Amino acid sequence: MNNRVILRTLPILAAVALNPLFVAAQIEEIVVTAQKRAESLQDVPIAVQAFTGDNLDELGVQSAEEIMQHVPNASVLPQGGSKINYYIRGVGTADFHLNVVGAVGVYLDDVALNSPFAVTFNTFDMERVEVLRGPQNTLFGRNTTGGAVNYISRKPNVDEGTNGYIEAGYGRYDQFDVEAGGGIALGDNAAARIAFSSNIRDGAFNNHTLGKDTGNYQRQAIRGQFRFQPDASLDLLLNVHGGISRSNPEPYKNVGLQDPANRFAPCPVPYDDLIPQNNPNCIDSTGFNHQYEDWEDVYGNLEFKENVDLWGTSFRAEWDLDAFTVVSVTAYEEFEVEFSEDSDSSPNTGFQFYQDAEYEQWSQELRLQSAADGVLRWIAGFYWFFEDGKYATVVRRTPAEFAPAGPRNFNIVPNTRVTQDNEVYSVYGQVEYDMQSNLTATAGLRWTKETKKGSNQPSVRCVGTVGGPPFCPAASASFFFGLDEVPNLPGLFVPPPEALDYDSTDWGARFALDWQATDDIMFYGSISRGFKGGGFSLAALAALTGGAAQSVAPEILWAYEIGAKTSWLANTLQLNAAIFYYDWSDLQSFEVFVEPTEACLFACLINIPEASLKGGEVELTWAPAGGWLFMAGVGLADGEIDDAGNIPGTQKGNDLTNTPDITFNGLVRKEFVMPGGTLALQTSWRYKDEVYYGLANVPNLSQPDGIWNLDARASFRFGPGERYEVAAWGKNLNGEKYCRGMTSLQGLVESNLCLPSLSEPTYGVTAAIRFE
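Attention in this report is confined to the structure presented alongside it. In this text the structure is predicted, and so the values were computed from the model without any measurement.

A few words now on empty space enclosed by the protein. One pass over the structure, following the stated rule, counts 15 cavities of 30 Å³ or more. In this structure, the largest cavity spans a volume of roughly 350 Å³. Contributing to the lining of the largest cavity are 32 residues, with Gly-105, Val-106, Tyr-107, Ala-112 and Leu-113 lying nearest its centre. When contributions to the lining of the largest cavity are tallied by element, the ones reaching two or more residues are β5 (84-88), β6 (104-108), β7 (111-112), α4 (137-140), β23 (352-370), β25 (410-436) and β26 (439-464). It is β6 that provides the largest number of residues to the lining of the largest cavity, a total of four residues. Grouping the constituent residues of the lining of the largest cavity by class yields 17 nonpolar, 10 polar and five charged. By volume, the second largest cavity amounts to about 170 Å³. In terms of lining, the second largest cavity is formed by 19 residues, of which the most central are Val-100, Val-101, Lys-452, Lys-532 and Gln-588. Taken together, the elements giving at least two residues each to the lining of the second largest cavity come down to β26, β30 (535-536) and β33 (573-592).

Right under this line is the structure:
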């Protein structure tokens, strides 16, 4: 643990803190649905952080990743392009394959989103975003061992008449963002709303191999909703949404691990120095040296590509029968994904990676819930989910023994093509009972049955270049290997398909006590059991090493938590805190090993037998008079492996991956009421301690130094009702350069890859108009 940072942070926490609720003199109440019913954030006995739509605007949030930067003990692990996996309190999933569902559940308007790409299209026209820490299996279902992120879009409202907004911004690297939303009342019983977002930016990295800038993105999304309320007891809502991405995502920066004088010998540089920030003079197994002059210098003969198409619809019905309320949510989602990357990031074809997927998901939830004002309150429900997926995972490479000295006019193409049906049934219930007027007990239980069935067709195929073998057809560096292309290539090794058959039943539970000591102080304690379903690996290299039908067992997490939520000084100051201990068994992780395991070689989806985490959060908001707002929050987490089993290079006591010992967020804001409008000046900063990106905890697969980021924003609101706003903003103003994530290719092309941040600040201007 970085004690110096803690000592610096604690005095700050005594004066300022974070729980972003933007206010003038009194902290505004946020109503959340963390327990599937509307409650004040300060009354919920769960560690929750919530952001309203206005909060997100004030923070200048432009992506799902940026939301988590304002939550202590939470982070995002980028997996290339728009793929991200959430981590909360060190619990997440280190796996970039497209059939993976993270350990943190993601929900949009009561609908679970399985795709790691889907989050990209959620963060516009939001009513609020809720981040729930700890297992949420009782009410939210499987795959929430770490917690849940709940996106709630702004709904049509008959009482609001015609309303809306348009916001446009321009920034560095020709970043152009547009967001708009509008609602209209359609008589006395119906309303509609439509919202749109577009995010475009040119590439900020210079690819010296291709001679062009890269890392550009272009994403658009749209959402339409229709609401009908025939009477006071019935509320019907139809939601139709879609999105596309046509991007060339940020490339990797690689560090070779071999000696420039002998590509078969390790580089004579200390492991601590084998990181991109130190720019070591080492080569990979193809003989390429990745040294650079500027941090944004990259290499690679294949430009990264991300094509994502999605659309979906949901229908929500809520019927109040006085004695209880019936809620039904029916949903359908469809995704198509094409993704490719130059993993070895060199002019050679040492290791290039492709993903192609088509999948559909259907879900149905039906729940009954009592009124919220009784001594006994309950919820009971049924949930069904079905996903039909087709996946191709492909690698194109020249084996190290053939490059650069041997023949380089052909590439092997190991791949897996998987069809998988995933079906889930579950029933659940939760009861809250007021034992006394200020003491409440909560108990919840969920039973789940899950099956995954299908087949995996592994194969090793080949393509050639000019002068290549006649049986290997020529394919350019930009050729895409997907579901349709791979079967048409000649097969060097095509074994029979392997059947996939996973069948499991499991349960989640929660028991909690909360004591309202005064009107402004609540203490709570809870015990929870969470689980994440097992599954199968899509690793392309399984075609070479076997294990195409390799599966992992479900992971189980027991969580113990004590917390307090308090308000002070006439609700101008809020201080919330929680401490936790987690006992985690069979946690799932995708790892790359040089040494073989009993199950596979190189790329393995594994269970880690036992791990534990302990830590806590402190969050505080202070809104004194004079237009000031101070916010800060600190998260502490200590996660380590308690039983490594036979995992190569890993031992008891190693740190868990992507789990910083400390995270810190802070913000200071000052509003000035002026003739003609209101000027707001704001600065925010965050700190993330060092992390490891591999179970072996080797220094060259880590972010060895803590990361500070400084942002600032100035805005001016004016006009009738301050309906107009102009703002200037800057991010990463201190120019921090670091790896947002890392992966090892040791044993393949003898390099480590880093997904780099921008080392240069970004800045821009935004203008908005709101109408009612």
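Strand order in the open sheet formed by three strands is β17-β43-β42, with antiparallel pairing between adjacent strands. Sheet topology places β17 (253-256) and β42 (739-744) at the edges, where each strand pairs with a single neighbour. Strand-to-strand twist in this sheet, taken as the mean axis angle between neighbours without regard to direction, amounts to 25 degrees. Both β42 and strand β43 (residues 751-756) contribute to a ladder of five bridges, which runs antiparallel. Pairing of Met-742 across the sheet is with Cys-754, part of β43.

We now examine the pattern of salt bridges. Across all of its chains, the model carries 40 salt bridges by this definition. A salt bridge links Glu-617 to Arg-89; its shortest N-O distance comes to 2.8 Å. Here Arg-89 lies in the loop between β5 and β6 and Glu-617 lies in strand β34 (residues 603-622), a separation of 528 residues in the sequence. Look at Glu-617 and you get buried, because its relative accessible area is 3%. The partner of Arg-713 in a salt bridge is Glu-725, with the nearest N and O atoms 3.9 Å apart. Highlighted residues: Arg-713 in strand β40 (residues 707-718) and Glu-725 in strand β41 (residues 724-731), separated in sequence by 12 residues. By relative accessible area, Arg-713 is classed as buried at 12%. Taken together, the shared-partner salt bridges connect Asp-57, Glu-58, Glu-167, Arg-669, Glu-671, Arg-713, Arg-717, Glu-722, Glu-725 and Arg-770 into one network.

Basis of the calculations
Residues numbered from 1 in each chain as written. Predicted model: local features only at pLDDT ≥ 70, side-chain atom pairs only at ≥ 80, totals over all residues. Heavy atoms only, no water. 1 Å grid on protein atoms, 1.4 Å probe; cavity = no way out; pocket = protein on both sides within 12 Å on 5 of 7 lines; lining within 4 Å. Points joined across faces, edges and corners; volume = space filled by probe spheres on them. Helix = DSSP H or I, 4+ residues; strand = E, 2+ residues; numbered from the N terminus. Nonpolar A, V, L, I, M, F, W, Y, C, P; charged D, E, K, R; others polar. Pairing = 2+ DSSP bridges. Axes fitted to C-alpha atoms, helices over the stretch in contact; angles between N-to-C directions. Salt bridge = Lys/Arg side-chain N within 4 Å of Asp/Glu carboxyl O. Buried < 20%, exposed > 50% of the residue type's maximum accessible area, 1.4 Å probe, protein only.

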